[in-house]
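Residue-level structural notes
Given next are the chains, with one letter for each unit.
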Amino acid sequence: MKTKYILYFAVVLFLASSCKPEVNDFTPDAGSADFSTYVAVGNSLTAGYADGALYKSGQSYGWANILSAQLKQSGGGDFVLPVIESEQGVLPGKLVLGPSTDCLGNVSLGPVPANDGDLDPWNNHIDYAINNLGVPGAKVGHLLFPGYGNPANLPAGLANPYFVKFASTPDITVLEQALSMQPTFISLWIGNNDVLGYATSGGAGSEITPVADFAGQYGYLAQNLFAGGSEGILANIPDIANAAFFTTVPYNPIVLTDQVLVDQLNTAYAPYNAAMASLGLPYRVNWSLGANPMVIVDKDMGMPVPEFNIRQIESNELVLLTIPQDSIKCAQWGSAKPIPDQYVLTVKEIKNVNDATEQFNNIIKQTAQDLNLAFADFNSLMKQMQGTGLVYDGITFTTAFVYGNLFSLDGIHLSPQGNAVVANYYIDAINATYGANVPKVNISDYPPITLP
Amino acid sequence: MRKITLLLLSFAFMSMTVFAGGYQVRLQGNKQNGFGLIGTPLSNGSSSIFYNPGSLAFMDGKLDFELGGSAILSTAAFQKSGSNYQAVTENPVGTPFYFYIAGKIGKVVALGLGVYTPYGNSSKWESEWAGKYLIQDIALSAIFIQPTISFNFGEKFGIGGGFIYTIGGVEINKALNYSGGAGVNLQGSSSAMGYNLGLFFKPAENWSIGLNYRSRIDMKIEGGDATFTIPKSLQGTIPTENKFDAELPLPANLDLGVAIQATDKLLIAIEFDWIFWGAYDSLSFSFEEAGELLDSQNPRKYSDTFIPRIGIQYAFSEKFEIRGGAYYDTSPADDRYFTPETVTLNTLAYTLGLTWNPTTYLGIDLSFLQTFGIKAEKNYQPDNFGGTYQTGAIIPGLGLSFKF
């Protein structure tokens, strides 16, 4: 009898050991969409541009590439990148975090030029068909412009070296090349550069695309892209003034610790204050011990004497990440010498950017509705990343530079983890619109920003 | 004896597979293990030191030893929300053990000493898994040492109590979101005190009631070692070698059980356990250096749980008994603060056991439990990390008892 029970015992043990917990409740599915040929159309964000360059690993961490791998699990096909072979990029400018010594001899950590080997020759033409038509620097109108990929137009500045690299024929438009892929699913994220060029030049360089032009170009582009009945998703433009590029350098970095210097500066600006007072204008420049706002050039002041188009910056105005910090520390920029216009976004310029962004975004949203497409609201996502930010997989994302995890070292383009967040945001919108079940990625699978 | 060897061999062939109910481990006697983990209304010799000091003085014989242990082969499986990503733990085998000795002085008083391990958790996820910024692995253990005194008043009423001295240790590894495989290792140990009180009442020969209360014990780690593996550029801000304080409550238990000797051979018992998990509100770490950056307060928001148990035992003879049991253990964790460091789901379990007494002095107890964590979707909101979890465990155990 004992034997029998002991044997029963052993049998139960054996059976129990063969059943293990498992969870497998998710079945990828395309819903009413067809992901078999996915084409991504856009600018540097779509291309996978990061750290001030389009380079090999950055390109593969681009959100479009991440998204394509998830779509592939839901019936999608291959997604071919115009592969960049160099880790340094195609054009110079790649940044890494590293120590640099400032004019005062202080060593600090910040973006410094990268040294990751030779550049990929931009004239090394890509001859194979590609699915990622993200062209760094492209505005809406550029995607419709024949010759934007023609090397003969480069000297006149009418062509884009990135599109030159992968345009299938010299005078094809980006739109035509996208349609030549016979896409079944298209993502279109464009319009950022229509305001960004203005913003990153402190309102001094490229103009904001007029709203009427944007509406015409965007409408034409979207209608033609989706004319063949393909499905897809449109994405709007994040309010660029939230990007780390504009929010990292404080407005008041002029720290005065010496009363003699304070007095000298106040004396130097006394004639300015007197002149402004005599003109009945509210502008004054005052200095005191501690942190002081910088003096900036503001061409919108419209003073009769151009030298008087200067004033102290307001706390709600933005200083660009590209400002030469050494000039502030050692060459009296911001105190004795006003900060040149191209490093500052004034309240008026910020309003121009915000207004244009809002109008462009209305056009994008309306187009998505008219064409029955999915819509990804990145403007709202980026707003949520201000302040305490958003958390995914235990990683906190904010708009802060480097430690905010969202932006790469150029302060505008996304980090690998930022790209993964964006890819998941696209997936949410696609799943909601098309009743699809595209699996999301683990944000924690993507590398953090490299610290030395 | 040859058959027992065979049985042990079948243990060795088993694959790894979870345990449940927070980080409590009630496997403190192999007779009770097989009997739905019921011990409060019984007098099973020296293991009453843990289950109910009130019944200790009802032991047969003058001197009683018990020793034994179990092997917890547990697995937790996970699938991330909105994703087909799956992960499975590679938990090391949990090995709760116990040792009890008790002696009777006259008819009224019994004295005893128990060493047992009622709390523990060893969870190990793959080091690069999706939740690596929450937890990679955790090993928590606590050894309780309990000298006990018990009184038997006229074979009807028993009361007993023990002083508990606890030695505990914890080790945690988690990844940090910095480049170069950054992470932190936390290791600390602690000792604390508590008590265990029991009442036992035997209104008639064929039935008994037990009530037991084990106090909450707070394991305070002071000056634990924190080792940060981080990029060089951060080492000026965050020291690589640091000290930390933390506190983990081991909750109080209130157990009430009734046992009925239905026939000469058949014993039936039910028990209800109330576990005061509400004590575990948050897990906080404070660091000696760079505290403003590193200190964290992590909500856990556990709630008290209630476990109903049933056990049935059949004695074929003086020499041979078989038993079985079942229980339902609810999860103390809050759906919104459910962390993969302790995957505790609502759990159903059955238990099996047998005792073979080759002589009147020696008893050999075998037990086997299987637990089924009920699949559920959970999220840890502060880290926005969630998914569907399922758990399972098989737990064989072997114990020896000596009676003189």
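Thresholds applied
- Residues numbered from 1 in each chain as written.
- Chains lettered and ligands numbered in written order.
- Predicted model: local features only at pLDDT ≥ 70, side-chain atom pairs only at ≥ 80, totals over all residues.
- Heavy atoms only, no water.
- pLDDT = per-residue confidence, 0-100.
- Contact = heavy atoms within 4.5 Å.
- Helix = DSSP H or I, 4+ residues; strand = E, 2+ residues; numbered from the N terminus.
- Buried < 20%, exposed > 50% of the residue type's maximum accessible area, 1.4 Å probe, protein only.
- Pairing = 2+ DSSP bridges.
- Polar contact = N/O pair within 3.5 Å; in protein donor to acceptor, adjacent residues only side chain to side chain.
- Core = buried A, V, L, I, M, F, W, Y, C linked by side-chain atoms within 4.5 Å.
- Axes fitted to C-alpha atoms, helices over the stretch in contact; angles between N-to-C directions.
- Parallel < 35°, antiparallel > 145°, perpendicular 65-115°, else oblique.
- Left-handed = near helix turned anticlockwise from the far one by under 90°.
- Salt bridge = Lys/Arg side-chain N within 4 Å of Asp/Glu carboxyl O.

1. With respect to the confidence of the model for chain B
All names here are of chain B. Of the residues in chain B, 95% have a pLDDT of 70 or more, and the chain-wide mean is 91. Segment residues 1-20: pLDDT under 50, and 62 contacts once partners within four positions in sequence are set aside and those in other chains are kept. Across the assembled chains, the prediction reports ipTM 0.91 with pTM 0.92.

2. A short note on the environment of B:Leu354
On the secondary structure map, B:Leu354 appears in strand β18 (residues 347-356). Relative accessible area serves as the criterion here: at 3%, B:Leu354 is assigned to the buried category.

3. Digging into the pairing of strand β7 (residues 157-175) of chain B
Residue and element names in this part refer to chain B. Alignment of strand β6 (residues 137-153) against β7, held across 15 bridges, turns out to be antiparallel. Across the sheet, residue Ile138 finds its bridge partner in β7, namely Ile172. Connecting β6 to the antiparallel partner β7 that follows it, the hairpin turn spans three residues, and Gly154 within it adopts a positive phi of roughly 65 degrees. Pairing analysis gives 19 bridges linking β7 to strand β8 (residues 183-204), with the strands arranged antiparallel. Opposite Ile167, over in β8, you have Ser191 as the bridge partner.

4. Quick look at the side chain of B:Ser47
All names here are of chain B. The topology assignment puts Ser47 in the loop between α2 (30-34) and α3 (48-51). A polar side-chain atom of Ser47 sits 2.8 Å from a polar atom in the side chain of Gln32. Ignoring any residue separated from it by four or fewer positions in sequence, one finds Ser47 in contact with Gln28, Gln32, Glu66 and Tyr100.

5. Topic: the nonpolar core
Residues and elements named next belong to chain A. In this structure, Trp63, Tyr218 and Tyr426 are the most contacted members of the largest nonpolar core, which totals 206 residues. When residues in this core are grouped by element, the largest group, nine residues, is from helix α14 (residues 416-434). With sequence-adjacent residues up to four places away left out, Tyr218 is seen in contact with Val140, Leu188, Ile190, Leu234, Ile363, Ile364 and Thr367.

6. Focus on the sheet that holds strand β5 (residues 185-189) of chain A
Residues and elements named next belong to chain A. With respect to topology, five strands assemble into an open sheet ordered β4-β1-β5-β6-β13, the strand pairing being parallel. Of all strands in the sheet, those bounded by a partner on one side alone are β4 (132-134) and β13 (374-376). Ignoring which end each strand starts from, the neighbouring axes of this sheet average 15 degrees apart. Alignment of β5 against strand β6 (residues 231-235), held across four bridges, turns out to be parallel. Across the sheet, Ser187 pairs through a bridge with Ile233, a residue of β6. Sheet strands in contact with helix α4 (residues 63-72) are β1 (38-42), β4 and β5, and its direction is about 160 degrees off that of β1.

7. Some points on the packing of α4(A) against α14(A)
Residue and element names in this part refer to chain A. Viewed as axis vectors pointing N to C, α4 and α14 meet at an angle of 50 degrees, and their least axial separation amounts to 8 Å. For the element pair α4 / α14, the angle class is oblique. For the crossing formed where α4 meets α14, the hand is right-handed. Of the residues in α14, those in contact with Trp63, Ile66, Leu67 and Gln70 of α4 are Pro416, Asn419, Ala420, Val422, Ala423, Tyr426, Ile427 and Ile430.

8. Brief notes about the pattern of salt bridges
Counting across every chain of the model gives 30 salt bridges over all chains. With a closest N to O distance of 2.9 Å, A:Asp428 and A:Lys440 form a salt bridge. Of the two residues, A:Asp428 sits in helix α14 while A:Lys440 sits in the segment after α14, which places them 12 residues apart along the sequence. Given a relative accessible area of 38%, A:Asp428 falls into the partly exposed group. B:Arg336 serves as the salt-bridge partner of B:Asp334, at 3.0 Å between the closest nitrogen and oxygen. Here the salt bridges share partners, and the residues they tie into one network are B:Arg26, B:Arg214, B:Asp255, B:Glu271, B:Asp273 and B:Arg309.

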